[in-house]
Amino acid sequence: MTDDARTIRHDYFRTTSRVTTLFCYGYDYFIFVSLRVRASFIFHPHTPPRVVRTMRASPARVGLAPRARPRRTVRPRRGGRAAPTRALITTETEAFDAFMKSASMRSRVALGRGENGRGLFTTAPAGWKAVELLLEVPLDVCIVCPVGRGLATGTDATAKKIVGAWEKRNRPVPDAIKDLMFSKDEDDRELAVVLWLLFATRAGGDIWEAYAAWLPTAANGLPSTLLATDEELASTQNEALVRRAREVRSLVSLAFDRVPFGAVPGKLTPDDLRWGYALVTSRAIAAEVGADEEGGADDTQVAVLAPCVDMANHVDIANVTALKKIGASDGGGLKGAYWRVVTGGSVDGGGGACCLETNRPIQGADEEVTISYQPDASNDELMESYGFSLRGNRNDRLGGANITLRLGAFRQAMEESGVLGGSTPEEDVCRIIAVTASACGGIPPGRELVADDDWTLEGDDIQRELDDAVKLGEAWERELDAFATTLEEDEAELLENRKYTTAFGRAAVEYRAERKRLLGVGLGALSAYVDWLCADDDVEG
């Protein structure tokens, strides 16, 4: 992120996919956001390559010792693994079910609480024979607002009609907001999304005014760098993250000066605007308007805010139970969905909607419906976009000090040394994936599930590999030592259930603790690698 204000804004709201990635499958749906999903590599037992180890190094010279990996787990507020069961909160659950019915939503989910906090849970088995619908929100209930630039002739035409469909079902959007929405200026459009949301929750009709009660706040369930106190930001112990957060907060403060008169009823404060931006950047879905009849396409991207869909929690891509989709049953993406809305297509008959569908068989009732907000996001990106981190994030990376170890040798060492095996906890498997990618310069595309049999290490190669492993370990040790607190202190604070000013306070401690766990696993892996390279059992090539 540069110091240029427009570039900072662009990075925050687009490049880092502040708007949630949309999965679209089947019919004519578009892949709206590049899905650079890095499938996890799996260490398969395989015949060891023919290795020639002809030089031994003294372990004392290497100076690396394995670190004990922490065993205790504390789940993030909105991210983690899918919880197998839920504890229903009867009054809240029944009220939520009544709300979904009032908004004409088709649903096989209920509101509950699990190890990821409040979320959506299935009410019956689903997806055993084919993909099945879990939740369907009519498109004219959703806020669908253009974002980005619109340069082509006739652009925004579909988006304008979808806005009209929302107004027909709910209430007219103030002209001051629509002027911003279709101004072709990126900053104006982003502001328009936020103002439309604030208007909807205050005076947008029964559905959105009722849904306002379900939306999280800074103190209750909405961890965000936009809402955190300065002390909470600093407690991440990441100066780069704090700097970026402050840059974006300053841009939101400037946006407050551009709020037009009459856009939102009642008094609007800077805190209100920050809350709106925090909701949009963490809950909106990115989409495009779809193809036109002549085969061209509107170049307009839209942000879609779908009530209830945004309550599904984020997990590692390997544990996702549901996928998001926008469109109509007869195809056409948002444009097809629009035509179903304006021509009277009901939800039951295939009207346009934002949906959650099964990604794998759901074994029974009470299984949590989980999605991936951003499949390839590191914990830094998750914190900036959504205000939480994952325990065991395969997309995290450690600094490499311009050192790249041999991928094939490193992976085999992890297997043979027992660092990674069938009994390795899932979170540690993900950390080893992150460590291996960090140490070895990434995992080649398409090689995630392929054994690396074509490699050798001889004399000088072994010594260079040892030297590089030592230098890399020193770099990771320096990063770990630079933290103001230890992992043990962080975990003790998490056990206290301390009251923080905003929800970001606890998320910051979880984030920095996970970074230390990753570094600890990385140092242990490097130590095992060094021991493996120094082993006595030389193998002739």
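Everything in this summary refers to the structure shown in the same document. (Residues numbered from 1 in each chain as written. Predicted model: local features only at pLDDT ≥ 70, side-chain atom pairs only at ≥ 80, totals over all residues. Heavy atoms only, no water.)

1. Here's the deal with the overall build of the protein
In terms of regular secondary structure, the protein is built from 17 helices and 11 strands. In the protein, which comprises 541 residues, the share counted as buried stands at 58%. Within the protein, counting contacts between residues at least 6 apart in sequence, those at least 24 apart form 81% of the total. With the model as given, the accessible surface of the protein reaches about 22100 Å², and the carbon-plus-sulfur share is 50%. (Helix = DSSP H or I, 4+ residues; strand = E, 2+ residues; numbered from the N terminus. Buried < 20%, exposed > 50% of the residue type's maximum accessible area, 1.4 Å probe, protein only. Contact = heavy atoms within 4.5 Å. Areas by Shrake-Rupley, 256 points an atom, 1.4 Å probe, with all protein chains shown as cover.)

2. Brief notes about the sheet that holds strand β5 (residues 143-147)
Overall, antiparallel pairing links the three strands, which are arranged β5-β7-β6 in an open sheet. This sheet does not close on itself; its edge strands, each paired only once, are β5 and β6 (285-288). Going from strand to strand, the sheet's axes swing by 35° on average, the running direction of each strand aside. In this sheet, strand β7 (residues 301-305) lies alongside β5 in antiparallel orientation, the contact comprising five bridges. Each residue of the ladder has a partner; that of Val147, found in β7, is Gln301. (Pairing = 2+ DSSP bridges. Axes fitted to C-alpha atoms, helices over the stretch in contact; angles between N-to-C directions.)

3. Notes on the environment of Arg464
Tracing the chain through its elements places Arg464 in helix α15 (residues 459-481). Judged by its relative accessible area of 47%, Arg464 falls in the partly exposed class. Along the backbone, Arg464 and Leu405 are 59 residues apart, and their C-alpha atoms lie at a distance of 9.4 Å.

4. Describing the pattern of salt bridges
In the structure shown here, the tally under the stated rule is 30 salt bridges. Residues Glu496 and Arg498 are paired through a salt bridge, measuring 2.9 Å at the closest nitrogen-oxygen approach. According to the relative accessible area criterion, Arg498 is partly exposed, its value standing at 41%. One salt bridge in this structure joins Arg506 and Glu510, with 3.3 Å as the shortest N-O distance. Residue Arg506 and its partner Glu510 are both found in helix α17 (residues 504-533); the two are separated by four residues, about one turn of the helix. (Salt bridge = Lys/Arg side-chain N within 4 Å of Asp/Glu carboxyl O.)

5. Section: the packing of helix α13 (residues 407-416) against α17
With their axes 9 Å apart at the nearest point, α13 and α17 run at an angle of 95° to one another. As the angle between them shows, α13 and α17 are arranged roughly perpendicular. Contacts between α13 and α17 pair Ala409, Phe410, Gln412, Ala413, Met414 and Glu416 from the former with Ala525, Leu526, Ala528, Tyr529 and Trp532 from the latter. When the residues that make up the contact of α13 with α17 are grouped by side-chain class, the tally is nine nonpolar, one polar and one charged. (Parallel < 35°, antiparallel > 145°, perpendicular 65-115°, else oblique. Nonpolar A, V, L, I, M, F, W, Y, C, P; charged D, E, K, R; others polar.)

6. A short note on the state of the cysteines
Summed over all chains, the structure comprises zero disulfides. For the unlinked cysteine Cys308, the closest cysteine sulfur is that of Cys142, found at 9.7 Å. When its relative accessible area of 0% is taken as the criterion, Cys308 is described as buried. (Disulfide = S-S within 2.5 Å.)

7. Points about the packing of helix α16 (residues 487-495) against α17
The interhelical angle for the contact between α16 and α17, taken along N-to-C directions, is 150°, at an axis separation of 9 Å. The hand of the α16/α17 crossing is left-handed. Where α16 approaches α17, its residues Leu487, Asp490, Glu491, Glu493 and Leu494 are matched on the opposing element by Arg506, Val509, Glu510, Arg512, Ala513, Lys516 and Arg517. Taken together, the residues of the contact of α16 with α17 sort by class into four nonpolar, no polar and eight charged. (Left-handed = near helix turned anticlockwise from the far one by under 90°.)

8. A closer look at α16
When α16 is considered as a whole, its buried residues turn out to be Leu487, Asp490, Glu491, Glu493 and Leu494. Here the buried residues of α16 occupy an arc of 155° about the axis, which is enough to place them on one side. When the buried face of α16 is taken as reference, the exposed residues oriented beyond 90 degrees from it are Glu488 and Leu495. Residues of α16 that are buried in the fold lie against α17. Downstream of α16 by one or two residues, Asn497 has phi in the positive range, about 55°. (Arc of directions from axis to C-beta.)

9. Points about the pairing of strand β2 (residues 109-114)
Regular strands place their side chains on alternate faces of the sheet. Bridge count between β2 and strand β3 (residues 117-122): six bridges; the pairing is antiparallel. From the neighbouring strand, Val109 faces β3, where its bridge partner is Thr122. The antiparallel pairing of β2 with β3 creates a hairpin that spans two residues between the two strands.

10. Brief notes about the nonpolar core
Among the nonpolar cores identified, the biggest contains 85 residues, and Leu135, Leu195 and Trp196 are the most heavily contacted of them. Take this core: its biggest share by element is 11 residues, from helix α6 (residues 186-203). What Trp196 contacts, discounting residues up to four positions off in sequence, is Ile143, Val144, Cys145, Val163, Trp166, Val173, Ile177 and Met181. Core analysis: the second largest hydrophobic core is formed by 39 residues, Ala437, Ile443, Trp455 and Leu466 among them. (Core = buried A, V, L, I, M, F, W, Y, C linked by side-chain atoms within 4.5 Å.)

11. Points about the side chain of Gln412
With respect to the helices, strands and loops of the structure, Gln412 is situated in helix α13. For Gln412, the side chain forms a polar contact with the side chain of Glu416, separated by 2.6 Å. (Polar contact = N/O pair within 3.5 Å; in protein donor to acceptor, adjacent residues only side chain to side chain.)

12. Quick notes on the side chain of Thr436
For Thr436, the position within the fold is in helix α14 (residues 426-439). In terms of polar contacts, Thr436 uses its side chain to reach the backbone carbonyl oxygen of Ile432, at 2.8 Å.

13. Topic: the pairing of strand β4 (residues 133-138)
The buried count for β4 comes to five of six residues, which makes it a mostly enclosed element. Pairing analysis gives two bridges linking strand β1 (residues 106-107) to β4, with the strands arranged antiparallel. Considered in β4, the bridge of Ser107 is made with Leu135. Inspection of the sheet shows β4 paired to strand β10 (residues 353-358) by five bridges, in the antiparallel sense.

14. Quick look at the environment of Ile371
Along the chain, Ile371 turns up in strand β11 (residues 370-371). Here Ile371 falls in the buried class, since its relative accessible area comes to 3%. A sequence separation of 49 residues divides Ile371 from Ala322, and the C-alpha atoms of the two residues are 5.4 Å apart. For Ile371, the residues in contact, after removing those within four places along its chain, are Ala312, Asn313, His314, Val315, Val320, Ala322, Lys324 and Leu356.

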